[in-house]
Amino acid sequence: MRFLPRLPKFTQRISHLGIMRVIHHGVQPLSWGDLYHLLFTLPWPQLLGLLFVAYGGLNLIFAGIYTLGGDCIANAEPGSFRDAFFFSVQTMATIGYGAMYPTTAYSNFWVVIEVFVGLLAVAMATGLMFARFSRPTARVIFSDRLVICPYNGVPTLMLRTANQRGNLILEAQINVVVILPEVTPENHKLRRLYDLNLVRSSTPILSLSWMVMHPIDSPSPLFGMTATDLYECQAQFIVTLTGLDETVGQLIHTRHQYQAQDIDWQAQFVDVLTVLPNGDRKIDYAHFHDTIPLVPVPPAD
C-alpha cells in the first residue's frame, strides 16, 4: 500500500501595514522557532498576562506533584494542595523561608527539577524583558495629510515630520515610495513600487520639523496624474525614516503610510514654527496636521 506524504497544515494570519490590514492566507502555522518573535511582538498587557498564566500554571503542576507524594513536605498538612502550592512558589523563586522543606527522596527529586525549571524560566523572562526595554524606539510624528501645491512653479508633493523627543536624531534618512498598479504587455498584473525623488532626503540633525518634498515633474511617476487617477488606481505612499538616536547611540527607524484619499490638492500646511524674541524656536504640535487652501499669488504688474 502506497502512503501519501502528509501535507503541511496551513493557516491565516493578519498583519498591519499602517492603517491597512494584510491577510496572509495559506501560510504555514507558527513553530517553536517563532516563539521568541511572537513574545517579542506581543503587546505588553498580553505578554504580562501570558507570563502570569505560565507562572501560575507551572506552580499548579508542581503543587499537584507534591500532593501526590503524600506527607513529603515538613510543616505542611498532608494532602493539602494549598500548602503544596505555596511550597512550590517558594521553591521556584528559591526564597527558602525554612518553614516548609522537603523530607523525602520523592520531594527532594521534584524540588531539584522545579528549581532547574524556575532558573530557566527566570533567565528567559529576564532576557525577554531586557530586550524589550532596551530596544530603541522612535517618537517621530508624521503629518496625517499629504499636500500637492506649486513650489517654485512646479507641482510638489509634500509631507511633514518631526521628532517629538527633546533629543536629536543624527544622520536622518527618509525614503518615500508610491505603489501603483502595472499591467505588462504579457498581461502580468502587479503592484509596482516607485521611488520618489526628494528635494532633500537626508539631514545631519532632526530637531525641528522637516518638510519632505517631491517635485512632480516629467521624471516623476505621478506626472500628469489627477486626484481621480490616484484614487482609482488605489495609490499608496510608504514613508520610512531612519537615523541615529544621540541619547542611546542606536539606530532607530519608523514608517508611515498614506492612501490617495489622504492628499489635499492645492493646499499647504499651517506654519507651526515660531521664532521667539530671544532666538528660541517653538513648534506648535497642536496644528502640526492642519492644512489650509492655497491662496493664489496675484501676478506682478
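Residues numbered from 1 in each chain as written. Predicted model: local features only at pLDDT ≥ 70, side-chain atom pairs only at ≥ 80, totals over all residues. Heavy atoms only, no water.

## Quick notes on the layout of surface pockets
Argument step 1. Taken as a whole, the largest pocket spans an internal volume of roughly 590 Å³.
Argument step 2. Around the largest pocket, the lining comprises 21 residues; the ones closest to its centre are Leu51, Ala54, Ala121, Met124 and Ala125.
Argument step 3. Taken together, the elements giving at least two residues each to the lining of the largest pocket come down to α1 (35-41), α2 (44-68) and α4 (105-134).
Argument step 4. For the lining of the largest pocket, a count of residues per class yields 18 nonpolar, 3 polar and no charged. (1 Å grid on protein atoms, 1.4 Å probe; cavity = no way out; pocket = protein on both sides within 12 Å on 5 of 7 lines; lining within 4 Å. Points joined across faces, edges and corners; volume = space filled by probe spheres on them. Helix = DSSP H or I, 4+ residues; strand = E, 2+ residues; numbered from the N terminus. Nonpolar A, V, L, I, M, F, W, Y, C, P; charged D, E, K, R; others polar.)

## Considering the packing of aromatic side chains
Argument step 1. If you walk through the whole model with that rule in mind, you get 6 aromatic pairs.
Argument step 2. When the ring centre of Trp44 is taken as reference, the NZ or CZ atom of Arg132 above it lies at 4.3 Å.
Argument step 3. A cation over a ring is seen here: Arg160 above Phe288, with NZ or CZ 5.0 Å from the ring centre. (Phe/Tyr/Trp six-rings, centres within 6.5 Å; stacked < 30°, edge-to-face > 60°. Lys NZ or Arg CZ within 6 Å of the ring centre and 35° of its normal.)

## So, the side chain of Gln257
Argument step 1. Along the polypeptide, Gln257 turns up in strand β11 (residues 250-259).
Argument step 2. Reaching out from Gln257, the side chain makes a polar contact with the side chain of Gln236 at a distance of 3.4 Å. (Polar contact = N/O pair within 3.5 Å; in protein donor to acceptor, adjacent residues only side chain to side chain.)

## Some points on a nonpolar patch on the surface
Argument step 1. Side chains of Trp44, Leu48 and Phe133 sit close together on the surface and give an oily, nonpolar patch of about 340 Å² of accessible area.
Argument step 2. For Leu48, the location among the structural elements is in helix α2.
Argument step 3. Taking relative accessible area as the criterion, Leu48 reaches 47% and is therefore assigned partly exposed. (Patch = residues over 30% accessible without salt bridge, like charges linked within 9 Å, V, L, I, M, F, W, Y side chains within 5 Å. Areas by Shrake-Rupley, 256 points an atom, 1.4 Å probe, with all protein chains shown as cover. Salt bridge = Lys/Arg side-chain N within 4 Å of Asp/Glu carboxyl O. Buried < 20%, exposed > 50% of the residue type's maximum accessible area, 1.4 Å probe, protein only.)

## Overview of the nonpolar core
Argument step 1. Phe142, Leu157, Leu159, Ile174, Leu222, Ala235 and Phe237 are the most contacted members of the largest nonpolar core, which has 29 residues in total.
Argument step 2. Looking at this core, the elements with two or more residues in it are β3 (140-142), β4 (146-151), β5 (154-163), β6 (169-183), β9 (210-215), β10 (236-245) and β11.
Argument step 3. Sort the elements by how many residues they give to this core and β6 lands first, with 6 residues.
Argument step 4. Once residues lying within four places of it in the same chain are set aside, the contact partners of Phe237 are Leu146, Leu157, Val177, Val178, Leu196, Leu222, His256, Gln257, Tyr258 and Ile263.
Argument step 5. Among the nonpolar cores identified, the runner-up in size contains 12 residues, and Tyr66, Ile73, Ala76 and Met100 belong to it. (Core = buried A, V, L, I, M, F, W, Y, C linked by side-chain atoms within 4.5 Å. Contact = heavy atoms within 4.5 Å.)

## Concerning α4
Argument step 1. Given a rise of 1.5 Å per residue, 30 residues ought to cover 44 Å, and the 43 Å separating the end C-alpha atoms of α4 matches this to within 8%.
Argument step 2. Every buried residue belonging to α4 is among Ser107, Val111, Glu114, Gly118, Leu128, Ala131 and Arg132, and all of these are buried.
Argument step 3. Residues of α4 that are buried in the fold lie against α1, α2 and α3 (81-92). (Expected span 1.5 Å × (residues − 1).)

## Some details on the pattern of salt bridges
Argument step 1. Applying the stated rule across the entire model yields 4 salt bridges.
Argument step 2. Between Asp262 and Arg145 there is a salt bridge, and its shortest N-O distance comes to 3.8 Å. Note that Asp262 is positioned in the loop between β11 and β12 (263-265) and Arg145 in the loop between β3 and β4, a separation of 117 residues in sequence.
Argument step 3. By relative accessible area, which is 14% here, Asp262 ends up buried.
Argument step 4. Note that Asp264 is salt-bridged to Arg145, the shortest N-O span being 2.7 Å. Of this pair, Asp264 sits in strand β12 while Arg145 sits in the loop between β3 and β4, placing them 119 residues apart in sequence.
Argument step 5. Residue Asp264 is classed as buried on the basis of its relative accessible area of 18%.
Argument step 6. Using a relative accessible area of 24% as the deciding quantity, one classes Arg145 as partly exposed.
Argument step 7. One continuous salt-bridge network, built from bridges that share partners, spans Arg145, Asp262 and Asp264.

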